[in-house]
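Listed below are the residues making up each chain.
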Amino acid sequence: LPQGKGPHQVGCTDVMVGHTQQGLFLRLFYPCLPRAGAEQPLWIPRYQYCCGLADVTHHSRHWCAPLLSIAIGSCRVPVSWNGPFKPCSSGYPLIIFSHGLGAFRTLYSSICSELVSWGFVVAALEHRDHSASATYFCTAEAGREEWIPYQQVPQGQKEFYFRKKQVHQRAEECVRALRLFQDISSGKSVPNVLHQDFELSVLKDSVDLSKVAVMGHSFGGVTAVLALVKEPSFSCAVALDAWMFPLENSLYPEVPKPVLFINTEEFQTPESVAKMKRLSSRNSQTKIITILGSVHQSQTDFTFLTGKLISRVFRARGTLDPHKALDITSRAALAFLQRHLHLEEEFNQWDNLLEGIGDSVVP
């Protein structure tokens, strides 16, 4: 996996709050101080996630999970695990990140690390609506884990109603994640159930809660759009190849803030793009661009794992070089975030991308 190209080193830790399914679970990426010999976390944190990925891709756990474990189980994320937080008196802007269907908190480490390297704090959620390939919470009994499996649409149920319920739960989890940072900023003690060597209180005066965006991929992209409706503190959303299907029609007029839609060439349908255009026709600051030569998984970490098995199981690669696709995605996002979070950076050098002007990008 690639390292962030910005001036900051990147650290990360896992945060779990509460002992019930109503709590929160996220991977926190943050600017950190350099540390010699820093440990790098595993990309797939537990074997259960390999079993979940087998379920999601309709392959047998019996052979697919061990194969995935052998193929990608030793892959590490090039960030400093529990690295020392780098304080910032002016406060880093905050991004809440929502994963796609069948994904989990670590599968977007490349884009999250890239944004953090340019001076953001990113909280990558692991949703508990049965859309993650697997997730868990720790009950109040010492050390007992309750796993929440991935769930297909139940037989006889209309997919729209099933997904609509999920997208509302996911957007509410995004809002709760923001509340978590508000609690930390106000000096409340927030115990991390996972007992990491990282004190959340170090964030207290270093996150600027007047500069908060929500971002996500696929099911997470539409989650980010809905989160704008539910929470006025989100200034804007970045939706990577958003799956617009679960958003009910009555909500389109309710989306109050601008959205940047960064689509891949292969995934979107005319119906889906028409839904995005409904939002851009209401708000001239909402932008829609497409990255040529990209596929749906180009915006996940899978695209960097080049093995034939992985490419075949996950259809992970388009014709565009994955590093170039990541560059376009992150630069367009940075330009958009600078504009709507009122950042004093030089990300506006990439403003052209927001109009779909540039190599391998179209409006």
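What you see is a predicted model, and the numbers here were worked out from it, not measured in a lab.

(A) Broad picture of the overall build of the protein chain. Assigned secondary structure in the protein chain consists of nine helices and twelve strands. Taking 363 residues into account, the globule formula puts the C-alpha radius of gyration at 21 Å, and the protein chain, at 19 Å, falls close to it. Taken over 363 residues, the protein chain has a buried fraction of 59%. Of the contacts made within the protein chain by residues no fewer than 6 positions apart, 72% connect residues no fewer than 24 positions apart. With the model as given, the accessible surface of the protein chain reaches about 14,800 Å², and the carbon-plus-sulfur share is 51%. Taking the 34 positively charged and 33 negatively charged side chains of the protein chain as two groups, their mean positions are separated by 4 Å.

(B) Spatial organisation of the sheet that holds strand 4 (residues 92–98). If you trace the ten strands from one edge of the open sheet to the other, you get 3-1-2-5-4-8-9-10-11-12, paired in mixed fashion. What marks the edges here is a single partner per strand, and that holds for strand 3 (80–81) and strand 12 (361–362). As paired elements, strand 9 (residues 236–240) and strand 10 (residues 259–264) share four bridges and run parallel to each other. The residue of strand 10 that forms the bridge with Ala 239 is Phe 261. Against the sheet, helix 5 (residues 219–230) touches strand 4, strand 8 (207–217), strand 9 and strand 10, its axis set at about 140° to strand 8.

(C) View of the layout of surface pockets. What the second largest pocket holds in volume is close to 290 Å³. For the second largest pocket, the lining is made up of 19 residues, of which Pro 93, Gly 119, Leu 343, Glu 344 and Glu 345 are closest to its centre. Split into classes, the residues belonging to the lining of the second largest pocket amount to eight nonpolar, six polar and five charged.

(D) The environment of Arg 163, seen in detail. Positionally, Arg 163 belongs in helix 4 (residues 159–185). Relative accessible area serves as the criterion here: at 3%, Arg 163 is assigned to the buried category. For the pair Arg 163 and Asp 129, spaced 34 residues apart in sequence, the C-alpha to C-alpha distance is 9.6 Å. Ignoring any residue separated from it by four or fewer positions in sequence, one finds Arg 163 in contact with Leu 101, Tyr 150, Gln 151, Val 153, Phe 219, Trp 243, Phe 245 and Pro 246.

(E) The pairing of strand 6 (residues 134–138), seen in detail. Most of strand 6 is tucked away, with five of its five residues classed as buried. Covered by surrounding structure in strand 6 are Ala 134, Tyr 136 and Cys 138 together with Thr 135 and Phe 137, the residues of both alternating faces. Strand direction decides the pairing type here: strand 6 and strand 7 (residues 145–149), joined by five bridges, are antiparallel. Counterpart to Ala 134 in the pairing with strand 7 is Pro 149.

(F) Inspection of the pattern of salt bridges at higher detail. Under the defined criterion, the tally for this structure stands at 19 salt bridges. One salt bridge in this structure joins Asp 14 and Arg 27, with 2.9 Å as the shortest N-O distance. Here Arg 27 lies in strand 2 (residues 24–32) and Asp 14 lies in strand 1 (residues 9–17), a separation of 13 residues in the sequence. Residues Asp 14 and Arg 27 agree in their burial class; the two are buried. Its salt-bridge partner being Lys 287, residue Glu 355 comes within 3.3 Å of it at the nearest N-O pair. Taken together, the residues span a long stretch of sequence, with Glu 355 in the loop between helix 9 (351–354) and strand 12 and Lys 287 in strand 11 (residues 287–291) at a distance of 68 residues. Judged by relative accessible area, which is 13%, Lys 287 ranks as buried.

(G) Summary view of empty space enclosed by the protein. Scanning all chains against the criterion turns up one cavity of 30 Å³ or more. Its volume calculated, the largest cavity comes out at about 110 Å³. Lining the largest cavity are 14 residues; nearest its centre among them are Ser 298, Gln 299, Thr 300, Leu 326 and Thr 329. Where the lining of the largest cavity is concerned, the elements lending two or more residues are helix 3 (109–117) and helix 8 (322–341). Ranked by the residues each element gives to the lining of the largest cavity, the list is headed by helix 8, at three residues.

(H) Main features of the packing of helix 1 (residues 47–56) against helix 2 (residues 61–72). At a minimum axis separation of 8 Å, helix 1 and helix 2 run at an interaxial angle of 130°. Relative to helix 2, the element helix 1 is oriented oblique. Along this stretch, helix 1 crosses helix 2, giving a crossing that reads as right-handed. Together, Tyr 47, Cys 50, Cys 51, Leu 53, Ala 54 and Asp 55 of helix 1 and Arg 61, Cys 64, Ala 65, Pro 66, Leu 68 and Ser 69 of helix 2 make up the contact between the two elements.

(I) Seen up close, the packing of helix 4 against helix 5. Helix 5 packs onto helix 4 with a crossing angle of 65° between their chain directions and a minimal axis gap of 8 Å. At the point where helix 4 passes helix 5, the crossing takes the right-handed sense. Across the interface between the two elements, Arg 163, Gln 166, Val 167, His 168, Arg 170, Ala 171, Glu 172, Cys 174 and Val 175 of helix 4 pack against Phe 219, Gly 220, Val 222, Thr 223, Leu 226, Ala 227 and Lys 230 of helix 5. For the contact of helix 4 with helix 5, the residue count by class is eight nonpolar, four polar and four charged.

(J) Structural context of the UniProt feature "active site" (unreviewed entry) in the protein chain. UniProt records the feature "active site" (unreviewed entry) at Ser 218, Asp 241 and His 296, using the numbering of this structure. Maximum C-alpha separation among the annotated residues is 8.1 Å over a sequence range of 79 residues, consistent with a single clustered spot. Mapping Asp 241 onto the fold places it in the loop between strand 9 and strand 10. Excluding residues that lie within four positions of it along the chain, Asp 241 makes contacts with His 217, Ser 218, Ile 262, Asn 263, Thr 264, Phe 267, Gln 268, His 296 and Gln 299. Of the polar contacts made by the side chain of Asp 241, one reaches the side chain of Gln 268; its length is 3.0 Å. Looking at where His 296 falls in the secondary structure, it is placed in the loop between strand 11 and helix 7 (308–314).

What counts, and at which threshold
- Residues numbered from 1 in each chain as written.
- Predicted model: local features only at pLDDT ≥ 70, side-chain atom pairs only at ≥ 80, totals over all residues.
- Heavy atoms only, no water.
- Helix = DSSP H or I, 4+ residues; strand = E, 2+ residues; numbered from the N terminus.
- Rg over C-alpha atoms; globule rule 2.2 N^0.38 Å.
- Buried < 20%, exposed > 50% of the residue type's maximum accessible area, 1.4 Å probe, protein only.
- Contact = heavy atoms within 4.5 Å.
- Areas by Shrake-Rupley, 256 points an atom, 1.4 Å probe, with all protein chains shown as cover.
- Lys, Arg positive; Asp, Glu negative; His and termini not counted.
- Charge placed at Lys NZ, Arg CZ, Asp CG, Glu CD.
- Pairing = 2+ DSSP bridges.
- Axes fitted to C-alpha atoms, helices over the stretch in contact; angles between N-to-C directions.
- 1 Å grid on protein atoms, 1.4 Å probe; cavity = no way out; pocket = protein on both sides within 12 Å on 5 of 7 lines; lining within 4 Å.
- Points joined across faces, edges and corners; volume = space filled by probe spheres on them.
- Nonpolar A, V, L, I, M, F, W, Y, C, P; charged D, E, K, R; others polar.
- Salt bridge = Lys/Arg side-chain N within 4 Å of Asp/Glu carboxyl O.
- Parallel < 35°, antiparallel > 145°, perpendicular 65-115°, else oblique.
- Left-handed = near helix turned anticlockwise from the far one by under 90°.
- UniProt positions renumbered as here; feature names shortened; annotations may be inferred.
- Polar contact = N/O pair within 3.5 Å; in protein donor to acceptor, adjacent residues only side chain to side chain.

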